[in-house]
Amino acid sequence: MNTIVPKGYKKTKVGVIPEDWEVVSLNDAVLFLDHKRKPLKDEDRQKIQGQYPYYGASGIIDYINDYIFDEELILIGEDGANIIDRSSRLVFLVNGKYWVNNHAHVLKSKQNFNNYFLCEYLESLRYDKYNTGIAQPKLNKEIISNISIVKPPLKEQEKIAEILITWDEAITKQEELIKAKELQKKD
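For every chain, the first residue of the written sequence is number 1, and numbering continues from 1 along that sequence. Residue-level local features of this predicted model are given only where pLDDT is at least 70; pairs of side-chain atoms are given and counted only at 80 or more, and the full residue set underlies all totals for whole chains, interfaces and linings. To get the side-chain values, all heavy atoms of the structure are used, and hydrogens and water are removed first.

### Regarding the side chain of Ser-25
Right, so step 1: If you trace the backbone, Ser-25 turns up in strand β3 (residues 22-25).
Right, so step 2: The exposure class of Ser-25 is buried, given its relative accessible area of 17%.
Right, so step 3: In this view, Ser-25 contacts Ser-145, Asn-146, Ile-147 and Ile-149; residues no more than four positions away in its chain are not counted. Where helices and strands are cited, they refer to DSSP runs of H or I of at least four residues and of E of at least two residues respectively, numbered from the N terminus. Only protein chains enter the calculation, and the probe is 1.4 Å; a residue is then buried if its accessible area is under 20% of its type maximum, exposed if over 50%, and partly exposed in between. Contact criterion: two residues are considered in contact whenever any of their non-hydrogen atoms come within 4.5 Å of each other.

Quick look at the structure:
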C-alpha cells in the first residue's frame, strides 16, 4: 500500500516523520555502560542493606549501602517475561546514586538526545521482535544496538519530553485521587 507523504515529511523505516528529523540506530544514540554493572547474590545484598536502589530487569529490587552510578541514565531490562508480556515498564530513567545488576542494560545518551524523550521512546517500542532467548526472553546488546530511533532536533525532543512529563504527572495525580476515593469508600 502506498503511503501519501505530506509536504514537509519523509517516509522512513520507522514511518513518516518530519523532514528535519533523523532516524539513527540505538548505538548512535547511546553509549552502553554494561561493563560497569555488577550482580550481587541475595545473601550478599542482605549483608549490605542500605539506602541506594539496586536495579534489575524490572526496576528496583532491593536497597544496599553502596552504588556504582551517580548520574542520570536509562536502563532497559535485559531478560525476563516482561520483554514479551509487558506487564510493567521495561525502560527506566534513573538518577542519583544506585547500583545496577547484570539483568538491565545501562545506557548513557549521547549529545543531542534528551534523556526523558529517549527513555519514553524506548519504552513505547515492542521488544518481542528483538528477543533472542528461547526458554527465557532476552534482549541481546548486539541486537538492540541496531534498533531504529527517531531523532527530532533537540529543542523538539525537549518540548515532547515536557508534554510527556505533564501527562505523567496528571496520570499520577489521577491515580492518587482514585486510591484516596477507594479508601474513603472502605471507611
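Anyway, onward from the coordinates.
### Considering the pattern of salt bridges
Right, so step 1: The working definition used for a salt bridge is a side-chain nitrogen of Lys or Arg within 4 Å of a carboxyl oxygen of Asp or Glu. In total, this model carries 9 salt bridges according to the counting rule given.
Right, so step 2: The partner of Arg-45 in a salt bridge is Asp-62, with the nearest N and O atoms 2.9 Å apart. With Arg-45 in helix α2 (residues 42-47) and Asp-62 in strand β6 (residues 59-64), this pair connects stretches of sequence that are 17 residues apart. In this pair, the class of Arg-45 matches that of Asp-62, namely buried.
Right, so step 3: Residues Glu-78 and Lys-138 are paired through a salt bridge, measuring 2.5 Å at the closest nitrogen-oxygen approach. You can see Glu-78 sitting in the loop between β8 (73-77) and α3 (82-85) and its partner Lys-138 sitting in the loop between α4 (115-124) and α5 (141-144), a full 60 residues away along the chain.

### A word on the environment of Gln-136
Right, so step 1: With respect to the helices, strands and loops of the structure, Gln-136 is situated in the loop between α4 and α5.
Right, so step 2: Along the chain, Gln-136 and Asp-79 lie 57 residues apart, while their C-alpha atoms are 7.0 Å from each other.

### Focus: unusual backbone geometry
Right, so step 1: Residue Arg-86 is not a glycine yet carries a positive backbone phi of 45°.
Right, so step 2: On the basis of relative accessibility, which here comes to 25%, the residue Arg-86 falls in the partly exposed class.
Right, so step 3: Look at Asn-112: it is not a glycine, yet its phi comes out positive at around 70°.
Right, so step 4: Among the structural elements, Asn-112 can be located in the loop between β11 (104-109) and α4.

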